[in-house]
Amino acid sequence: MSQSNDRPGPGLGRRGEMLVAVQFVLMIIFAVTPVWHPGLSPALLAELLLPRLILAIPFALAALVLGAMGSHHIRDYLTPLPYPVDHSQLVQHGVYSLVRHPLYASLLSAALAWTLYSISLSHLLLLVIGFLFFDFKARKEEAWLSERHPEYRDYAARVSKFIPYLY
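About the cut-offs
Residues numbered from 1 in each chain as written. Predicted model: local features only at pLDDT ≥ 70, side-chain atom pairs only at ≥ 80, totals over all residues. Heavy atoms only, no water. Phe/Tyr/Trp six-rings, centres within 6.5 Å; stacked < 30°, edge-to-face > 60°. Helix = DSSP H or I, 4+ residues; strand = E, 2+ residues; numbered from the N terminus. Buried < 20%, exposed > 50% of the residue type's maximum accessible area, 1.4 Å probe, protein only. Salt bridge = Lys/Arg side-chain N within 4 Å of Asp/Glu carboxyl O. Polar contact = N/O pair within 3.5 Å; in protein donor to acceptor, adjacent residues only side chain to side chain. Contact = heavy atoms within 4.5 Å. Axes fitted to C-alpha atoms, helices over the stretch in contact; angles between N-to-C directions. Parallel < 35°, antiparallel > 145°, perpendicular 65-115°, else oblique. Nonpolar A, V, L, I, M, F, W, Y, C, P; charged D, E, K, R; others polar. Core = buried A, V, L, I, M, F, W, Y, C linked by side-chain atoms within 4.5 Å.

Student: Provide a residue-level description of the packing of aromatic side chains, including the pertinent values.
Tutor: The geometry of an aromatic ring pair is captured by two quantities: the separation of the ring centres and the angle between the planes. Using the criterion set out here, one finds eight aromatic pairs in the structure. Relative to Y167, the ring of F131 has its centre 5.7 Å away and its plane inclined at 45°; by these criteria the two rings are tilted. You can see F131 sitting in helix 6 (residues 121-148) and its partner Y167 sitting in the segment after helix 7 (152-158), a full 36 residues away along the chain. Taking the relative accessible area as the measure of exposure, F131 reaches 29% and is therefore partly exposed. Summarising the aromatic geometry, the rings of F133 and F134 are spaced 5.4 Å apart at their centres and angled 65° between planes, so their arrangement reads as edge-to-face. The class for F133 is buried, based on a relative accessible area of 10%. In this structure an aromatic cluster arises from ring pairing among Y104, F133 and F134.

Student: So, the pattern of salt bridges: which residues are in play, and what are the values?
Tutor: For the coordinates displayed, the defined rule picks out five salt bridges. The partner of D86 in a salt bridge is R148, and the shortest N-O contact between them spans 3.8 Å. Taken together, the residues D86 in the loop between helix 4 (49-73) and helix 5 (102-118) and R148 in helix 6 connect sequence positions 62 residues apart. A salt bridge links K161 to D135; the nearest nitrogen and oxygen atoms lie 2.8 Å apart. Here D135 lies in helix 6 and K161 lies in the segment after helix 7, a separation of 26 residues in the sequence.

Student: Summarise the side chain of E141; cite the residues concerned and give the values.
Tutor: Topologically, E141 is positioned in helix 6. In terms of polar contacts, E141 uses its side chain to reach the side chain of Y104, at 2.5 Å. When neighbours within four sequence positions are excluded, E141 is seen to be in contact with P82, H101 and Y104.

Student: Explain the side chain of S88 to me, and be specific about the residues and the numbers.
Tutor: Positionally, S88 belongs in the loop between helix 4 and helix 5. Residue class for S88 comes out buried when judged on its relative accessible area of 9%. Look past the residues within four positions of S88 in its chain and what remains in contact with it is Y77, R148 and H149.

Student: Summarise the packing of helix 5 against helix 6; cite the residues concerned and give the values.
Tutor: Where helix 5 contacts helix 6, the axes come no closer than 10 Å and their chain directions differ by 175°. Considering their axes alone, helix 5 and helix 6 lie roughly antiparallel with respect to each other. Residues Y104, L107, L108, A111, L112, W114 and T115 of helix 5 form the contact with helix 6, whose participating residues are H123, L124, L127, G130, F131, F134, K137, A138 and E141. Looking at the contact of helix 5 with helix 6, its residues break down into 11 nonpolar, three polar and two charged.

Student: So, the nonpolar core: which residues are in play, and what are the values?
Tutor: By size, the foremost hydrophobic cluster in this structure holds 26 residues, and its most contacted members are Y96, F134, Y155 and F162. If you list the elements that add at least two residues to this core, you get helix 2 (17-32), helix 5, helix 6 and helix 7. Here the element with the most residues in this core is helix 6; it accounts for six residues.

Student: Please set out the environment of A31 residue by residue, giving values where relevant.
Tutor: As for its position among the elements, A31 is in helix 2. With relative accessibility at 63%, the residue A31 sits in the exposed group. A31 sits 80 residues away from A111 along the chain, and the two C-alpha atoms are 9.3 Å apart.

Shown next, in the form of C-alpha cells:
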C-alpha cells in the first residue's frame, strides 16, 4: 500500500475524516448564519420576490436532481468519506457523465439557491468559502480515485468537476 493510502495527508485522517468534519461544520455555519442584506428594505425585498424565486428555483431543482441522481448512480460505493471504498468501481454514467462530483455540486447549488433567494451577502461569502473547500476536497478525492482507477485521469479530462461543460 502506498503512503498516500496509509496517510492521505497531514491532519486529514486516514480516509479524509477531517474533510468530512469540516464539511459538516461549514454546512451548519451556513444554516445558522443570519441573512445579511444591508440597504434592502422589507418593501424592496417583497417587490423582488418573483425575480428572487425565478433565479433561485432552477438552482434548487438542480440541487435536488444532482443529489438524487448522484446518490442513485453511486449507491453501491456511497460513503461520507472522500476516500473510495475498497470495492469501488469508477462510475461514469448518468449524472456522472455530466459532472465528476454531483453530490458536492448539489450542495453548492442548494447554497446558491438560498443565497440568490435571500440576497444575503453573508451567505454569498460562505458560498465562496464552500466552493473553495469542495474544490480542495474534490482534488484530494480525485488523487485517491486516480490511484485506485487508472482510467480516472481520462474521465477527468472529459467531464467537468462541478458545473457541466464549464468547471
